Amino acid sequence: MSNHYDAVVLGAGLTGLTTSFYLNKAGKRILVIDTNSRAGGVIETQEKNGYLYEKGPNTGILGSIEIANLIDDLQPDCEIELGNNNVSKRFILHKAKWQPLPSGLKKGVTTPLFTLMDKFRILGEPFRKKGTNENETLAELVRRRMGQSFLDYAIDPFILGVYAGDPSYLVPKYALPKLYTLEQEYGSFIGGAIKKKFKPKPEADKKATRKIFTIKGGLSKLTQAIYNSIGSDKFILGASQISINKNENGYSIILTNEDGEKVEFNSDKVITTIPAFELENILPFIEKDLLNDTQNVFYAPVVEVAIGFNKWKGVSLDGFGGLIPHKEKRDILGVMYMSSLFEDRAPKGGALISVFIGGARRPELTKLTDEEIKDLVEREFKELMGLEDFNPDLFELSRHTKAIPQYGKESKERFASVKVIQNKYAGLYIGGNLLDGIGMADRVKQGKQIADSIINI
Ligand SMILES: Cc1cc2nc3c(=O)[nH]c(=O)nc-3n(C[C@H](O)[C@H](O)[C@H](O)COP(=O)(O)OP(=O)(O)OC[C@H]3O[C@@H](n4cnc5c(N)ncnc54)[C@H](O)[C@@H]3O)c2cc1C
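As the structure is a computational prediction, the values presented were derived from the model and not from experiment.

Concerning the domain arrangement of the protein
Piece 1. Along its sequence, the protein is organised into domain 1 (4-43 + 65-78 + 219-297 + 407-455), domain 2 (114-198) and domain 3 (298-406).
Piece 2. When each unit is reduced to the centre of its C-alpha atoms, the spacing between domain 2 and domain 3 is 28 Å.
Piece 3. The interface is formed by 15 residues belonging to domain 2 together with 16 residues belonging to domain 3.
Piece 4. Carbon and sulfur atoms make up 62% of the area that domain 2 and domain 3 hide from each other, which totals about 1,200 Å².
Piece 5. It is Tyr153, Leu160 and Ala164 in domain 2 that bury the most area against domain 3; as a group they hold 38% of the surface buried on that side.
Piece 6. Viewed at the interface, domain 3 and domain 2 are joined by 3 salt bridges.

Laid out in C-alpha cells, this is it:
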C-alpha cells in the first residue's frame, strides 16, 4: 500500500499548499506534485545586492478569515508584517501628474480626478435602479451608477492593480462578487457599504481586517513555512509527463520524477490547483467539451520589474505607490513603493520599487526584449518619477506569460462545468485560480474549503 494515498494534490502554489497543509494536519496520507522544482507557485521572494524583492505577488490583503487563520496556524514559523501608515496614501496619474486618491468626502469634492458633473451624479447613486443584466461588464455597471470619470480614474486603476485587467471585459458577478452583491442586495454601493458597516460581524469575521500584509523576509517565507510543516518527503517537485486516470478504486497517477524515473501512485482523491490551461494535459479521461468550458479563461500576461536605487533622487516615495489609468496612455501600469511599506527591503537610505507592465490591455508590451523593457521603464521613470538619470542598482525582470485569470462572462459556463465534472467523477476536486477569486486570501479560502470538504466526509 506504500504507493496508495488518501489524496494527491496537483500544484504546490499557495492553493495546493493550503489544501495539503490542512489535509496533512488532519492525518491524511498525502502526496503533492508540481512540475516546478520548488514549492510556492508564483510566490517567489529573492535577495540581491541588499534588496529583498518579490517576483510574483508583492502584498496580500487579510481579506478572508482563512488567510488570517493560516498564518496563525503556522506560528512561530512565519511572522506577519502589516503595511505601515503609508498603505493609505495612494496616487493616481491624472494628466501626467500624481494625484492622491481621495479618502474622505472633503477630498472627494476637491479632487481633480472626477468631473464636477460626476461629483454631483454620485449623490444620486443610492437612488439609481439596480441592474438586471448578470453579464453586465464592470465598465457598464460603473458608468451607469457613478459616471465615466469614476470609471476612468477610480475603478480602471483599481482593476489594473488587482487584475491587470480591463473593466470592459470583467463581469462583476464573477470578478467582483462582493460588489455585485452590494448592488443586488442593497440597491446601491454607497447605501450598501454604509449598512454593512453598521451590521454586527460574527466574531470570527473580525480577523478578516482587509489590512495589507506581507511576511517578514518576504512572501516565500509563508509558502516555505507551509512546505516545511508538511515535510519534503510528501512532495514530488520537478515532475513531468503527469497523467491521471480513473480506476475502479479512485485514481492512478503516472509521472516522471526529477531523476527521469517513471512512477505510479494510486489515490482515493485527486485535487488539482494548477492553472486552467494545464488541465487537459493531466486529465485525459474527461470529455473534451467539459474541459473546454473549464479551460475557457484568459490569463493576462504581466512583466514585473523590481528596481532598486541605493540613493533615490526622484519624487517622494511616501505612500503605497501609484496606478496609471489606461486613459493616460502610458507604458507602465503602476509602481509600488515596497521599501516605503515594509522594513528591510532596500539598503539603508535606498528605495525598492515594483513596476508592472502589460496586463489585459497592453499584452504586446510583455513581448518586448529585456533591453526594450529597460528602455521603456527608463523613459517612464524620467517622465513620471522625477529622475534625471536612470542608473538603478537593481533591475530584476520577471515574466509571467499567463499571469492573472480574467473573469469575464464565460465564467458562468466555466464554474458550471467544474461542478458537472466533480459530480461525475467522485473524488476529483478542481480548484486553483480558475474559480473562487484570484487574490491570495481567495486562494487560501478555497484551499481550506477543499481540505475541509475531504476531512468532513
Ligand atoms: C505577477 C503576479 C502578481 C500578483 N500579485 C498579487 C498580489 O500582490 N496580491 C495577491 O493577493 N495576489 C497576487 N497575485 C495572485 C496570486 O498569484 C495568487 O493569489 C496565488 O499566489 C496563486 O496561487 P495558486 O496556488 O492558485 O497558483 P500558482 O501559484 O500559479 O500555483 C500553481 C502551481 O501549479 C504548478 N503546475 C502547473 N502545471 C502543472 C501540472 N501540469 N502539474 C503539476 N503542477 C503544475 C505550477 O508550477 C505552480 O506551482 C499575483 C499573481 C501574479 C502572477
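Some thoughts on the side chain of Lys269
Piece 1. With respect to the helices and strands, the residue Lys269 is situated in strand 13 (residues 262-272).
Piece 2. Buried charge without a salt bridge: Lys269, with Asp268 as the nearest opposite-charge side chain at an N-O distance of 5.8 Å.
Piece 3. The contacts of Lys269, once residues within four sequence positions are left out, are Asp6, Ala7, Val8, Gly427, Tyr429, Ile454 and Ile457.

Structural notes on the environment of Ala416
Piece 1. Locating Ala416 in the fold gives a position in helix 15 (residues 411-424).
Piece 2. Separated by 123 residues in sequence, Ala416 and Asp293 have C-alpha atoms that sit 8.5 Å apart.

Topic: the nonpolar core
Piece 1. In terms of nonpolar packing, the biggest core is built from 37 residues, with Leu222 and Phe235 touching the most fellow members.
Piece 2. Contributions of two or more residues to this core are made by strand 1 (4-10), helix 1 (14-25), strand 2 (30-33), helix 2 (65-73), strand 9 (212-215), helix 10 (220-230) and helix 16 (440-455).
Piece 3. Not counting chain neighbours up to four residues away, the residues in contact with Phe235 comprise Ala12, Leu17, Val32, Ala39, Tyr227 and Ile230.
Piece 4. Residues Leu10, Leu255, Ile274 and Leu290 belong to the second largest nonpolar core, which totals 32 residues.

Quick notes on helix 4 (residues 116-123)
Piece 1. Turning to helix 4, its buried residues are Asp118, Lys119 and Ile122. Looking straight down helix 4, one finds that the buried residues subtend no more than 105° of arc, so they occupy a single side. Exposed residues lying more than 90 degrees from the buried face of helix 4 are Leu116, Met117, Phe120 and Leu123.
Piece 2. Each element contacted by the buried residues of helix 4 is listed here: helix 3 (105-110), helix 6 (148-163) and helix 9 (189-198).

Let's talk about the packing of aromatic side chains
Piece 1. A full pass over the atoms with the stated rule returns 16 aromatic pairs.
Piece 2. Summarising the aromatic geometry, the rings of Phe309 and Phe390 are spaced 6.0 Å apart at their centres and angled 70° between planes, so their arrangement reads as edge-to-face. With a gap of 81 residues between them, Phe309 in strand 14 (residues 298-309) and Phe390 in the loop between helix 14 (370-384) and strand 18 (394-406) connect regions that are remote in the sequence.
Piece 3. Linked through ring pairs, Phe309, Trp312, Phe381, Phe390 and Phe395 together constitute an aromatic cluster.
Piece 4. Geometry around Phe277 places Lys402 over its ring, the cationic atom sitting 4.3 Å from the centre.
Piece 5. Residue placement shows Arg414 over the ring face of Tyr407; its charged tip is 5.2 Å from the ring centre.

Criteria and cut-off values
- Sequence order as written defines the numbering, with residues in each chain counted from 1.
- Local features in this predicted model are restricted to residues whose pLDDT is 70 or higher, and side-chain atom pairs enter the listing and the counts only when it is 80 or higher, whereas totals over whole chains, interfaces and linings include all residues.
- Just so you know, side-chain values use all the structure's heavy atoms and leave hydrogens and water out.
- Note that the domain bounds reflect an automated or database-derived domain assignment.
- It only takes one pair of heavy atoms within 4.5 Å for two residues to be counted as in contact.
- Here the buried area means the combined drop in accessible surface, using a 1.4 Å probe, for two parts upon being joined, counting both sides.
- Here, a salt bridge means any side-chain nitrogen of Lys or Arg that lies within 4 Å of a carboxyl oxygen of Asp or Glu.
- Strands are runs of DSSP state E lasting at least two residues, helices are runs of H or I lasting at least four, and both sets are numbered from the N terminus onward.
- Only protein chains enter the accessibility calculation, which uses a 1.4 Å probe. A residue is then buried if its area is under 20% of the maximum for its type, exposed if over 50%, and partly exposed in between.
- When charges are tallied, Lys and Arg are placed among the positive residues and Asp and Glu among the negative ones, while His and the ends of the chain are skipped.
- Only buried Ala, Val, Leu, Ile, Met, Phe, Trp, Tyr and Cys residues count toward a nonpolar core, and they belong to the same one when joined by side-chain atoms within 4.5 Å.
- In this context, the arc is that of the directions from the helix axis out to the C-beta atoms.
- Each aromatic pair joins two rings of Phe, Tyr and Trp (for Trp, the six-membered one) with centres within 6.5 Å, and gets the label stacked for planes under 30 degrees apart, edge-to-face for over 60, and tilted for any other angle.
- Our definition puts a charge over a ring when NZ of Lys or CZ of Arg is within 6 Å of the ring centre and also within 35 degrees of the ring normal.

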